[in-house]
Amino acid sequence: MSHFGLMVLYAFFVSLTFAVLLRDTLREQLKTGGMMLGAFIVVAYVFGWLMYPFPL
Amino acid sequence: MGSKSTTAGKAAAADRQRESAEPGRLAIVCAISWLFPGLGHILLGRWQKGIVFLVALPLMFAVGLLLQGRLFPLDLSDPLVFLGGLANRGIGAPYFVARFMDAGIGDVTKVAYESGNTFLMTAGLLNFLVILDALDIAMGRK
């Protein structure tokens, strides 16, 4: 699996756990979990591109 | 009127739970939640949450093992390794099963080694949050 795939899988597990912990109804859990997962992926993408011109 | 009676019912249930929040019972809920992620929620009647934790957290831990992550020892001479070891043990029974099966030795030459470590530690840390949530429910705070 690629690093990106692993990151998405990791984000999925973390988002799922937090959404179920923080919200009580299925609808709210899906909304919160989806938003969290999306935020994980977008932030990773943005940081990935920000690091592109500055390789370590 | 319906919502008023629902609110009153919830408050009564919370009161009952608060009254039965004896230290011994709370300790048992925490221990069960630690050993089997989500089982504390199931015992407290939160089936949906409990089943999600019972499946997701051990699965996350298993993915970490498949990625050749390492289960760290409780080595006080290296604080970061010690903290990693604590996080690993947070998952409860799956940790001991993995140790029994000689899994989690870790292969630093594998490309996903660090990802595996992250999965293993995060699964344990998330279970600590699940334990605290179960404790809150048992004390009638939620």
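Everything numeric in this text was worked out from a predicted model, so none of it was measured.

Asks: Tell me what's going on with the overall build of chain B, and back it up with residues and numbers.
Replies: Check the secondary structure of chain B and you find seven helices and zero strands. The order of α-helices and β-strands along chain B, N terminus first, is α-α-α-α-α-α-α. Across the 142 residues of chain B, 41% fall into the buried class. Considering only contacts within chain B whose residues lie at least 6 apart along the sequence, 70% involve residues at least 24 apart.

Asks: So what's going on with the pattern of salt bridges? Residues and values would help.
Replies: Applying the stated criterion across every chain, the model contains two salt bridges over all chains. Aspartate 24 of chain A is the salt-bridge partner of lysine 49 of chain B, the closest N and O atoms lying 3.0 Å from each other. Within this pair, whereas lysine 49 of chain B is found in helix α4 (residues 47–66), its partner aspartate 24 of chain A is found in the loop between α1 (3–22) and α2 (26–51), the two belonging to separate chains. In this structure aspartate 24 of chain A comes out as exposed when scored by relative accessible area, which is 54%. Aspartate 136 of chain B serves as the salt-bridge partner of arginine 141 of chain B, at 2.9 Å between the closest nitrogen and oxygen. Residue arginine 141 of chain B is classed as exposed on the basis of its relative accessible area, which comes to 58%.

Asks: Could you give an account of helix α7 (residues 113–138) of chain B, with specific residues and numbers?
Replies: Compared with the 38 Å implied by 1.5 Å per residue over 26 residues, the 38 Å span of α7 of chain B between its first and last C-alpha is a close match. After α7 of chain B finishes, the residue glycine 140 of chain B shows a positive phi value of roughly 80°.

Asks: Explain the side chain of threonine 17 of chain A to me, using residue names and the numbers behind them.
Replies: Positionally, threonine 17 of chain A belongs in helix α1. If we ignore the near neighbours within four places in the chain, the residues touching threonine 17 of chain A are Phe53, Leu57, Leu126 and Val130 of chain B.

Asks: Tell me about a nonpolar patch on the surface, and please be specific about residues and values.
Replies: Together, Leu35, Phe36, Trp47, Ile51, Leu54, Val55, Leu59 and Phe96 of chain B make up a nonpolar patch on the protein surface, roughly 750 Å² of accessible area in all. Within the fold, isoleucine 51 of chain B resides in helix α4.

Asks: Can you lay out the interface of chain A and chain B for me, pointing to particular residues and giving the numbers?
Replies: Taken together, the contact between chain A and chain B spans 15 residues of the former and 21 residues of the latter. Summed over both sides, the interface of chain A with chain B buries roughly 1,500 Å², with 77% coming from carbon and sulfur. Interface area lost by chain A to chain B is led by Tyr10, Phe13 and Leu21 of chain A, which between them contribute 40%. Remark: the boundary between chain A and chain B carries one salt bridge. On inspection of chain A and its partner chain B, the count reaches six residue pairs in polar contact (both at pLDDT 80 or more). Only α1 and α2 of chain A provide two or more residues apiece to the side of chain A that touches chain B.

Conventions and cut-offs
Residues numbered from 1 in each chain as written. Chains lettered and ligands numbered in written order. Predicted model: local features only at pLDDT ≥ 70, side-chain atom pairs only at ≥ 80, totals over all residues. Heavy atoms only, no water. Helix = DSSP H or I, 4+ residues; strand = E, 2+ residues; numbered from the N terminus. Buried < 20%, exposed > 50% of the residue type's maximum accessible area, 1.4 Å probe, protein only. Contact = heavy atoms within 4.5 Å. Salt bridge = Lys/Arg side-chain N within 4 Å of Asp/Glu carboxyl O. Expected span 1.5 Å × (residues − 1). Patch = residues over 30% accessible without salt bridge, like charges linked within 9 Å, V, L, I, M, F, W, Y side chains within 5 Å. Areas by Shrake-Rupley, 256 points an atom, 1.4 Å probe, with all protein chains shown as cover. Buried area = accessible area lost by both parts, 1.4 Å probe. Polar contact = N/O pair within 3.5 Å; in protein donor to acceptor, adjacent residues only side chain to side chain.

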